[in-house]
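As a plain string of letters, each chain reads:
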Amino acid sequence: MNTIQSDNYPVIFENSIDELAKFIEQGKYSRFFILTDDNTAEHCLPLVKSKVEHLDNFDIIEVNAGEESKDIDFCIGVWRMLIDFGADRKSLLVNLGGGVITDLGGFAASTFKRGIDFVHVPTTLLSQVDASVGGKTGIDINSIKNIIGTFTQPKAVFIDLGFLQTLPPRQILSGLAEMLKHGLIQDAAYWNQLKASDLSVPSAQLVHRSVEIKNKITIEDPHEKGIRKALNFGHTIGHAVETNSLINDKDPLTHGEAIAIGMICESYLAHKKTGLPAQELQEITDTLNKLYPRYTIKQSDFDTLLEIMKKDKKNQNGNINCTLLTNIGQCNIDNNCTEAELCESLLYYINL
């Protein structure tokens, strides 16, 4: 597979960890730091360390796994570790992990001493096809996802598909939701290819295609003023369901499980508001319902979910904003949805 050229940085697929070591050496960094979590430290860090151990100017910064680490307190912890380890403006932060690590690490690096270089080594399917590309960094506050962040591009992204072998099936399904979204918003042929494939571990070609789609959109609109909003399909409702689950459930939904619910609900809205044909709504609903476990949303949760949606960073002038499909493979951005419409879409999911 060829390297994908993004906005002034490469996304490297072939021999990626060897290429990471070369990149660090050629960059002549004063020091480099590997940010990881306890899961990735066990399953992925040994390979990376084996490739860079001949370089003696690095330290490891480890945080707890999980969305709870993506907040200001953990970010302060990363900044403090960088200070304690003597990081300067010629240092590099290597973000080795899933979306929490790439979001948190990107934000910490983009603000430390007004910005140091960072690269991503995404280790989950979700981070490989979504979080690692496009230059978004972010942390959560008061359980509002990514409400604080910057648009800052990494210097490179290194994708090693071997890391996917370390993931449980539920984490593969989480990343798959973003891949299905890429087909739904921009490539009907890719959507059909996904439906016809063995998705227990998606092939290298499918992962590569998803990165291509996201990369094309983010290059065209790096700061989310227009077409990049297409990537928000399923996320207005999905993020609210995810946030509510994180707060209330002992075993909370993964990002992808929540986004799958959001895509079903927002496909229903698309049928009502932007002309998505009934048979395509049924196709999307059936496909996602077969892949993802049912989740109980109670009508008594609606007010809470709406309050979360009202705080979504995509909203403008107090209106709740959704990206909606017009057909499979095509979408329409900036659709204001009323509270009644959003509740109706949640009822559609509940009554399936």
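How each quantity is defined
Residues numbered from 1 in each chain as written. Predicted model: local features only at pLDDT ≥ 70, side-chain atom pairs only at ≥ 80, totals over all residues. Heavy atoms only, no water. Pairing = 2+ DSSP bridges. Helix = DSSP H or I, 4+ residues; strand = E, 2+ residues; numbered from the N terminus. Core = buried A, V, L, I, M, F, W, Y, C linked by side-chain atoms within 4.5 Å. Buried < 20%, exposed > 50% of the residue type's maximum accessible area, 1.4 Å probe, protein only. Phe/Tyr/Trp six-rings, centres within 6.5 Å; stacked < 30°, edge-to-face > 60°. Lys NZ or Arg CZ within 6 Å of the ring centre and 35° of its normal. Salt bridge = Lys/Arg side-chain N within 4 Å of Asp/Glu carboxyl O. Axes fitted to C-alpha atoms, helices over the stretch in contact; angles between N-to-C directions. Left-handed = near helix turned anticlockwise from the far one by under 90°. Contact = heavy atoms within 4.5 Å. Parallel < 35°, antiparallel > 145°, perpendicular 65-115°, else oblique. Nonpolar A, V, L, I, M, F, W, Y, C, P; charged D, E, K, R; others polar.

A. Looking closely at the pairing of strand β11 (residues 330-337). Summarising the sheet, strand β10 (residues 320-327) and β11 pair through 6 bridges and their orientation is antiparallel. Each residue of the ladder has a partner; that of N321, found in β11, is N336. The loop that links β10 with its antiparallel partner β11 comprises 2 residues; one of these, G329, has a positive phi angle of about 100 degrees.

B. Examining the nonpolar core more closely. Counting residues in hydrophobic clusters, the biggest one holds 66 residues, and the most contacted among them are V11, M179, I297, M309 and L342. Top element by residues in this core is helix α11 (residues 255-273). It accounts for 10 residues. Within the second largest apolar cluster, 23 residues are counted, among which are I24, V48, L92 and V94.

C. Representation of the packing of aromatic side chains in the model. Here the structure, examined in full by the defined rule, presents 6 aromatic pairs. Through a chain of ring-to-ring contacts, three or more aromatic side chains come together here, namely F23, Y29 and F158. One cation-aromatic arrangement involves K90 over Y29; the distance from NZ or CZ to the ring centre is 5.1 Å. In this structure, R294 is placed above the aromatic ring of Y349, and the distance from its NZ or CZ to the ring centre is 4.1 Å.

D. View of the pattern of salt bridges. Per the stated rule, a full pass over the model turns up 20 salt bridges. Here K70 ties to D140 by a salt bridge, and the two come within 3.9 Å at their closest N and O atoms. Highlighted residues: K70 in the loop between β4 (58-63) and α4 (72-84) and D140 in strand β7 (residues 139-141), separated in sequence by 70 residues. Each of E67, K70, D103, D140, K145 and E242 takes part in a single network of salt bridges with overlapping partners.

E. Region of interest: the packing of helix α8 (residues 188-195) against helix α12 (residues 278-291). Interaxial distance between α8 and α12 falls to 12 Å at its minimum, and their mutual angle equals 35 degrees. Here α8 and α12 pass one another in a crossing that is left-handed. Here W191, N192 and K195 of α8 lie close against α12, whose contacting residues are E283, I284 and T287.

F. Geometry of the packing of helix α10 (residues 235-248) against α11. Contact geometry for α10 and α11: axes closest at 7 Å, N-to-C directions at 140 degrees. Here α11 runs oblique to α10, going by the angle between their axes. Relative to α11, the crossing made by α10 is right-handed. Along the contact surface, α10 presents H235, T236, I237, G238, H239, V241 and E242, while α11 presents H255, A258, I259, I261, G262, C265, E266 and L269. Residues that form the contact of α10 with α11 fall into these classes: 7 nonpolar, 6 polar and 2 charged.

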